[in-house]
Amino acid sequence: MASEARIDKWLWAARIFKTRSIAADACKNGRVTIGGANVKPSHMIKAGETVNVRKPPITYSFKVLQPIEQRVGAKLLPQIYENVTAPEQYELLEMTRISGFVDRARGTGRPTKKERRSLDAFIGPSLEGFDDWDADDED
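The sections below set out a description of the structure shown in this document. (Residues numbered from 1 in each chain as written. Predicted model: local features only at pLDDT ≥ 70, side-chain atom pairs only at ≥ 80, totals over all residues. Heavy atoms only, no water.)

Considerations on the side chain of Thr85
Thinking step 1. With respect to the helices, strands and loops of the structure, Thr85 is situated in the loop between strand 7 (81-83) and helix 4 (87-99).
Thinking step 2. On the accessibility criterion, Thr85 (10% relative accessible area) is buried.
Thinking step 3. Within polar-contact distance, the side chain of Thr85 engages the backbone nitrogen of Ser61 at 2.9 Å.
Thinking step 4. Reaching out from Thr85, the side chain makes a polar contact with the side chain of Asn83 at a distance of 2.6 Å. (Helix = DSSP H or I, 4+ residues; strand = E, 2+ residues; numbered from the N terminus. Buried < 20%, exposed > 50% of the residue type's maximum accessible area, 1.4 Å probe, protein only. Polar contact = N/O pair within 3.5 Å; in protein donor to acceptor, adjacent residues only side chain to side chain.)

Next comes the structure, spelled out in structure tokens:
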């Protein structure tokens, strides 16, 4: 095994990003850091370093166990890195998932029927029985 690997190749080989070009773009856009410093796609990583990857809304942290440049099967990932992401980050992800579609990104278009029902269920309870509220006041 190599003692060093390019960060973009490692992120792809460890299946953190689907393609190497996406991993390189993440590095160029400042979403990949090591020790708080942004890294270029050509940065060489070593075993023992902690890589932080920001995929909104959370930041994942991975401890490098093996610096590889060849993609491996999913079953071998525990030998490649250790996920040391803080539990608070996963709570933040769960809160975002629960909140649903209230804060839709601009340009995502209209919600689908399923999304609309989820949104209605989240915003408030059903208003059944309130359509004849003024009839009760007249008595």
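Right, picking up where we left off after that structure.
Let's talk about unusual backbone geometry
Thinking step 1. Of note, the bond from Pro56 into Pro57 is cis; its omega dihedral lies within 30 degrees of zero at 15 degrees.
Thinking step 2. Structurally, Pro57 is set in the loop between strand 5 (50-55) and strand 6 (58-64).
Thinking step 3. The backbone phi angle of Arg15 is positive, close to 65 degrees, even though this residue is not glycine.
Thinking step 4. One can find Arg15 in the loop between helix 1 (7-13) and helix 2 (20-28).

Section: the sheet that holds strand 5
Thinking step 1. Taken in spatial order, the 5 strands of this open sheet run 3-2-5-6-7, and their pairing is antiparallel. Strands with a single pairing partner mark the edges of an open sheet, and in this sheet they are strand 3 (37-38) and strand 7.
Thinking step 2. Here strand 2 (residues 32-34) pairs with strand 3 via 2 bridges, running antiparallel. Looking at strand 3, one finds that Thr33 is bridged to Asn38. (Pairing = 2+ DSSP bridges.)

Some thoughts on a nonpolar patch on the surface
Thinking step 1. Together, Met95, Ile98, Phe122 and Ile123 make up an exposed nonpolar region whose accessible area comes to about 440 Å².
Thinking step 2. Counting only elements with at least two residues in the nonpolar patch, the list comes to helix 4 and helix 5 (113-123).
Thinking step 3. As for its position among the elements, Phe122 is in helix 5.
Thinking step 4. On the basis of relative accessible area, Phe122 is assigned to the partly exposed category, the value being 41%. (Patch = residues over 30% accessible without salt bridge, like charges linked within 9 Å, V, L, I, M, F, W, Y side chains within 5 Å. Areas by Shrake-Rupley, 256 points an atom, 1.4 Å probe, with all protein chains shown as cover. Salt bridge = Lys/Arg side-chain N within 4 Å of Asp/Glu carboxyl O.)

Some details on the nonpolar core
Thinking step 1. If you look at the biggest cluster of nonpolar residues, it comprises 23 residues, and the most contacted ones within it are Ile7, Trp10, Leu11, Ile16, Val32, Val51 and Tyr81.
Thinking step 2. Counting residues per element, the ones that place at least two in this core are helix 1, helix 2, strand 2, strand 5, strand 6 and helix 3 (77-80).
Thinking step 3. If you tally residues by element for this core, the top one is helix 1, at 4 residues.
Thinking step 4. Contacts of Val32, omitting those with residues within four sequence positions, involve Ile7, Leu11, Ala26, Cys27, Ala37, Asn38, Val39, Val51 and Asn52. (Core = buried A, V, L, I, M, F, W, Y, C linked by side-chain atoms within 4.5 Å. Contact = heavy atoms within 4.5 Å.)

A few points about the packing of aromatic side chains
Thinking step 1. Counted under the stated rule, the structure contains 4 aromatic pairs.
Thinking step 2. Centroid distance Trp10 to Tyr81: 6.0 Å. Interplanar angle 70 degrees. Geometry classified as edge-to-face. Within this pair, whereas Trp10 is found in helix 1, its partner Tyr81 is found in strand 7, the two being separated by 71 residues in sequence. Each member of the pair Trp10 and Tyr81 is classed as buried.
Thinking step 3. A ring pair is formed by Tyr60 and Phe62, whose centres lie 6.2 Å apart and whose planes are at 15 degrees; its orientation type is stacked.
Thinking step 4. Each member of the aromatic cluster is reached from another via a ring pair, and the members are Trp10, Tyr60, Phe62, Tyr81 and Tyr90.
Thinking step 5. Above the plane of the ring of Phe17 lies Lys55, whose end atom (NZ or CZ) is 4.7 Å from the centre. (Phe/Tyr/Trp six-rings, centres within 6.5 Å; stacked < 30°, edge-to-face > 60°. Lys NZ or Arg CZ within 6 Å of the ring centre and 35° of its normal.)

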